[in-house]
Amino acid sequence: MDKLGERLGWRHDERLARRRPWLASLTALIAVSAWVGAVGLVIGAVDLGDTVTARLPFDSTVFAGITLGVLIAVPMTVVTWLAARRDPRTSPAAVVAGAVLIGWIAVEVGIVRTFNVLQPVAVLAGLVVLVAGLRDFGRVRDR
C-alpha cells in the first residue's frame, strides 16, 4: 500500500479484494450511458438545441462529448473493470468516480441552466458509487 493510501485511512487487506458484481453492473451501466452520450455529442447525433449549445464551453458539443468521455466514461469503466476482477483498488476508484460524477452534474446544471430528470438520477448513482467505495476506508481489520 502506498503512503498516500495509508494517510487517507485505506487499509490494504486481501479480504477487501472481493468481487463486487452489483458495483460492476452499476458502473458498467453508467459507463455505457456516458460513452453513448459522449459519442453522440461528438458526432452530432445529440442535439442540445441552440440555447444550451451556446452555453457550453467554446459553444462546442464536441468539447462537451470529449469531456464527458474523459471525466465520466473512463473512470466508470475503470471501476467496472476493477470491481469485476477482485482488485483492492476498487474502493478508491469508486470514491473518485462517484465524486466526479456528482461534481459533473453540479457543473452541468450551472452551465446549461436547464433541468433534466436524468440529473438527479445521475447524482443518486454517483452517491451510490461513492458510498460503495467509502465503505472500505478506515476499516481496521485484525489479521
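## As for the pattern of salt bridges
- Counted under the stated rule, the structure contains one salt bridge.
- Its salt-bridge partner being Asp87, residue Arg89 comes within 2.7 Å of it at the nearest N-O pair.

## Some thoughts on helix α5 (residues 90-112)
- The terminal C-alpha atoms of α5, which comprises 23 residues, lie 32 Å apart, in line with the 33 Å expected from a rise of 1.5 Å per residue.
- Listed in full, the buried residues belonging to α5 are Thr90, Ser91, Ala93, Ala94, Val95, Ala97, Gly98, Leu101, Trp104, Ile105 and Val112.
- Those residues of α5 that are buried are in contact with α2 (21-43), α3 (50-55), α4 (61-84) and α6 (118-134).
- One or two steps after α5, the chain reaches Arg113, where phi turns positive at roughly 55°.

## Some details on the nonpolar core
- Residues Leu23, Ile30, Leu68, Ile72, Met76 and Leu101 are the most contacted members of the largest nonpolar core, which totals 28 residues.
- Of all the secondary-structure elements, those providing two or more residues to this core are α2, α4, α5 and α6.
- Looking at this core, the element that brings in the most residues is α4, giving eight residues.
- If we ignore the near neighbours within four places in the chain, the residues touching Leu101 are Ile30, Ile72, Met76, Ala122, Ala125 and Gly126.

## Some points on the UniProt feature "transmembrane region" (unreviewed entry) in the protein
- As annotated in UniProt, the feature "transmembrane region" (unreviewed entry) corresponds to residues 21-43, 63-84, 91-111 and 117-134 in the numbering used here.
- With 100% helix and 0% strand, residues 21-43 has end C-alpha atoms that lie 32 Å from one another.
- Here residues 63-84 is 100% helix and 0% strand, with 31 Å between the C-alpha atoms at its ends.

## Things to note about the packing of α2 against α4
- Close contact between α2 and α4 brings their axes to 8 Å; oriented N to C, the two are set at 160°. As judged from the angle between their axes, α2 and α4 are roughly antiparallel. Of the two possible hands of crossing, α2 and α4 adopt the one that is left-handed.
- In terms of residue class, the contact of α2 with α4 is made up of 21 nonpolar, seven polar and no charged.

## Re the packing of α5 against α6
- For the pair α5 and α6, the least separation of the axes is 7 Å and the interaxial angle reads 155°. Here α5 lies roughly antiparallel to α6, going by the angle between them. Considering how the two elements wind past one another, α5 and α6 form a crossing that is left-handed. Counting all contacts with α5, which are made through Ser91, Ala94, Val95, Gly98, Ala99, Leu101, Ile102, Ile105, Glu108, Val109 and Val112, the residues of α6 involved are Gln119, Ala122, Val123, Ala125, Gly126, Leu127, Val129, Leu130, Ala132, Gly133 and Leu134.
- A breakdown of the residues in the contact of α5 with α6 according to their chemical character gives 16 nonpolar, five polar and one charged.

Basis of the calculations
- Residues numbered from 1 in each chain as written.
- Predicted model: local features only at pLDDT ≥ 70, side-chain atom pairs only at ≥ 80, totals over all residues.
- Heavy atoms only, no water.
- Salt bridge = Lys/Arg side-chain N within 4 Å of Asp/Glu carboxyl O.
- Helix = DSSP H or I, 4+ residues; strand = E, 2+ residues; numbered from the N terminus.
- Expected span 1.5 Å × (residues − 1).
- Buried < 20%, exposed > 50% of the residue type's maximum accessible area, 1.4 Å probe, protein only.
- Contact = heavy atoms within 4.5 Å.
- Core = buried A, V, L, I, M, F, W, Y, C linked by side-chain atoms within 4.5 Å.
- UniProt positions renumbered as here; feature names shortened; annotations may be inferred.
- Axes fitted to C-alpha atoms, helices over the stretch in contact; angles between N-to-C directions.
- Parallel < 35°, antiparallel > 145°, perpendicular 65-115°, else oblique.
- Left-handed = near helix turned anticlockwise from the far one by under 90°.
- Nonpolar A, V, L, I, M, F, W, Y, C, P; charged D, E, K, R; others polar.

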